[in-house]
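Here is how the chains run, residue by residue.
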Amino acid sequence: MSELLFHPTTQASLQRCINRPPHAMLLVAPAGSGKASTARYLAAGILALDKAGYEKYPYITVISPKDGKAIPIESIRELQHFMALRIPGQRDVGRLVIIEDAQLMTREAQNALLKTLEEPPEGTVLILTATSTEALLPTIQSRVSLLQLVPPAP
């Protein structure tokens, strides 16, 4: 996953998150800028996994829009079930959740996610990606660390 190219400011922000991950973060950048790849890079770094280890790791889940249209409340309910499962072993971070295009969550899905953002299970990190923060509820925005991804120089 080291084949990604980041602006130095973005690289420094990502490294800080890898070293001391917040419980939830929001990666914001324009469509097509590599947010999903960046989220996976960040997840692998937080879990200290190489690409092969990341692909086999059982305690990562990715939620993305259904048919490219919306993320329904059912997806968040499935996420809550996933987060209720116990993880064997002792790790600072053992479970990771990526929500791609979080701005496409329905209002009901965002409200359902709030409880998880307020009180995430121990050892869990959530990474949300979005093209902007405008469609996200202010209460969601207030509970995540914002990482504005800066595009690399040409």
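One can find the structure itself at the top, above this paragraph.
The structure contained in this document is the topic of the report that follows. Quick caveat, the model's predicted, so the values are computed rather than measured.

**Digging into the side chain of Thr10**
At step 1: Along the chain, the position of Thr10 falls in helix H1 (residues 8-19).
At step 2: For Thr10, the contacting residues outside a window of four places in its chain are Gln148, Leu149 and Val150.

**Things to note about the packing of aromatic side chains**
At step 1: Taken as a whole and assessed by the stated rule, the structure comprises two aromatic pairs.
At step 2: Aromatic pair Phe6 and Tyr41: ring centres 5.1 Å apart, planes at 50 degrees, arrangement tilted. Of this pair, Phe6 sits in the segment before H1 while Tyr41 is found in helix H2 (residues 35-47), placing the two residues 35 residues apart along the sequence.
At step 3: Look at Phe6 and you get buried, because its relative accessible area is 16%.
At step 4: A residue is classified by how much of its surface remains accessible, and Tyr41, at 16% relative accessible area, is buried.
At step 5: With 5.8 Å between their ring centres and 75 degrees between their planes, Tyr57 and Tyr59 make a pair best called edge-to-face.
At step 6: Residue Tyr57 is classed as buried on the basis of its relative accessible area, which comes to 14%.
At step 7: Judged by its relative accessible area of 23%, Tyr59 is partly exposed.
At step 8: The lysine or arginine in question, Arg95, covers the ring of Phe82, its NZ or CZ lying 5.8 Å from the ring centre.

**Re H1**
At step 1: With 12 residues, H1 should cover 16 Å at 1.5 Å per step; its first-to-last C-alpha distance of 16 Å lies within 8% of that length.
At step 2: Of the surrounding secondary structure, the elements contacted by the buried residues of H1 are strand S1 (24-28), H2 and strand S5 (145-148).

**Here we look at the sheet that holds strand S3 (residues 95-99)**
At step 1: Within the open sheet, the five strands sit side by side as S2-S3-S4-S1-S5. Their pairing is parallel. The open sheet has two edge strands with one neighbour each: strand S2 (60-63) and S5. When the angles between neighbouring strand axes are averaged without regard to direction, this sheet yields 15 degrees.
At step 2: With respect to the sheet, helix H5 (residues 107-118) is in contact with S1, S3 and strand S4 (124-130), its orientation differing from that of S4 by roughly 140 degrees.

The rules behind the values
Residues numbered from 1 in each chain as written. Predicted model: local features only at pLDDT ≥ 70, side-chain atom pairs only at ≥ 80, totals over all residues. Heavy atoms only, no water. Helix = DSSP H or I, 4+ residues; strand = E, 2+ residues; numbered from the N terminus. Contact = heavy atoms within 4.5 Å. Phe/Tyr/Trp six-rings, centres within 6.5 Å; stacked < 30°, edge-to-face > 60°. Buried < 20%, exposed > 50% of the residue type's maximum accessible area, 1.4 Å probe, protein only. Lys NZ or Arg CZ within 6 Å of the ring centre and 35° of its normal. Expected span 1.5 Å × (residues − 1). Pairing = 2+ DSSP bridges. Axes fitted to C-alpha atoms, helices over the stretch in contact; angles between N-to-C directions.

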